[in-house]
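# Geometric and topological summary
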Amino acid sequence: MKSDTPEELNSDREIERLIDEIMSSTLNNLTDEQYRQKMQRRKEVQDRRIAAAIPEKGLIIVNTGNGKGKTTAALGMVLRSLGHGYKVAIVQFIKGAWEPSEKKVFSFWEDQIEFHAMGEGFTWETQDRDRDLDKASAAWEKSLEYIRNPEFQLVLLDEINIALKMGYLEVDQVLAGLAEKPPNKHVILTGRGAPPALIERADLVTEMTLIKHPFRDQGVKAQAGIEF
């Protein structure tokens, strides 16, 4: 078995290579002792990486891409934060024309969460650019209140990337606002079409890839519990 130097063990490339090895079918051909040694090496890699990691940092998180699940993933982080007793704020930039089911659920944590659905539905529903601009501006001003407020550990700006893509907000404006957050605060920005400057600034970026969709491929309407 190859003996890796500490420098190699600490590299991201080495970590990913070992993960690929572990997940590959070739592991089925190893003896029990060879398998044990590979798992031991994997543990060494992870232990070294964790030991060198920064304990805490407030993250800028971007969920983008054409696939489903951007808001859903963000709401999972919201639930985790609530479970830890943190205060959370959610500002929805597009949704608002209907009463979102998430708002009803989160009302059980009303002492920990602030929820603002400040849009009026999708842009093709409103058909009023000036009103959409005003709504996006108001949602951003509300967002800034929570971004600056050190009492809130997590702020979710839902579908703000759509507002950026449509030109309702300026990217530099949003980046300047994010720079005002306290060091340990996390901010999540969701929506397809996240601009490159925001992706560059973010600490964690996930792109949801659309492979199949029931509406596009089968003509199935949005359903309760799945889309809303």
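I will try to describe carefully the structure that is included in this document. (Residues numbered from 1 in each chain as written. Predicted model: local features only at pLDDT ≥ 70, side-chain atom pairs only at ≥ 80, totals over all residues. Heavy atoms only, no water.)

### Side note on the pairing of strand S5 (residues 186–190)
It is a general feature of regular strands that their side chains alternate between the two faces of the sheet. Counting buried residues along S5, four of its five residues qualify, which places the element largely inside the surrounding structure. Alignment of strand S1 (residues 60–64) against S5, held across four bridges, turns out to be parallel. Its bridge partner being in S5, Ile60 is matched across the sheet by Val187. (Buried < 20%, exposed > 50% of the residue type's maximum accessible area, 1.4 Å probe, protein only. Helix = DSSP H or I, 4+ residues; strand = E, 2+ residues; numbered from the N terminus. Pairing = 2+ DSSP bridges.)

### Remarks on the pattern of salt bridges
This model, assessed by the stated rule, comprises eight salt bridges. For Lys142, the salt bridge is made with Glu145, and the minimal N-O distance between the two is 3.5 Å. Linking Lys142 with Glu145, this pair stays in helix H7 (residues 129–148), spanning three residues, or about one helical turn. The class for Lys142 is partly exposed, based on a relative accessible area of 21%. For Glu145, a relative accessible area of 45% gives the class partly exposed. (Salt bridge = Lys/Arg side-chain N within 4 Å of Asp/Glu carboxyl O.)

### Some points on the packing of aromatic side chains
The final tally for this structure, using the stated rule, is three aromatic pairs. When the centroid spacing of 6.3 Å and the interplanar angle of 55 degrees are considered together, the rings of Phe106 and Trp109 count as tilted. Here the aromatic rings of Phe106 and Phe115 are separated by 6.4 Å at their centres, their planes lie at 40 degrees, and the arrangement is tilted. One aromatic cluster in this structure is built from Phe106, Trp109 and Phe115. (Phe/Tyr/Trp six-rings, centres within 6.5 Å; stacked < 30°, edge-to-face > 60°.)

### Considerations on the packing of H7 against helix H9 (residues 171–178)
Taken N-terminus to C-terminus, the directions of H7 and H9 make an angle of 20 degrees; their axes are 10 Å apart at the nearest point. In terms of their interaxial angle, H7 and H9 are classed as roughly parallel. Counted together, Trp140, Leu144 and Ile147 of H7 and Gln173, Val174, Gly177 and Leu178 of H9 form the full contact between these two elements. (Axes fitted to C-alpha atoms, helices over the stretch in contact; angles between N-to-C directions. Parallel < 35°, antiparallel > 145°, perpendicular 65-115°, else oblique. Contact = heavy atoms within 4.5 Å.)

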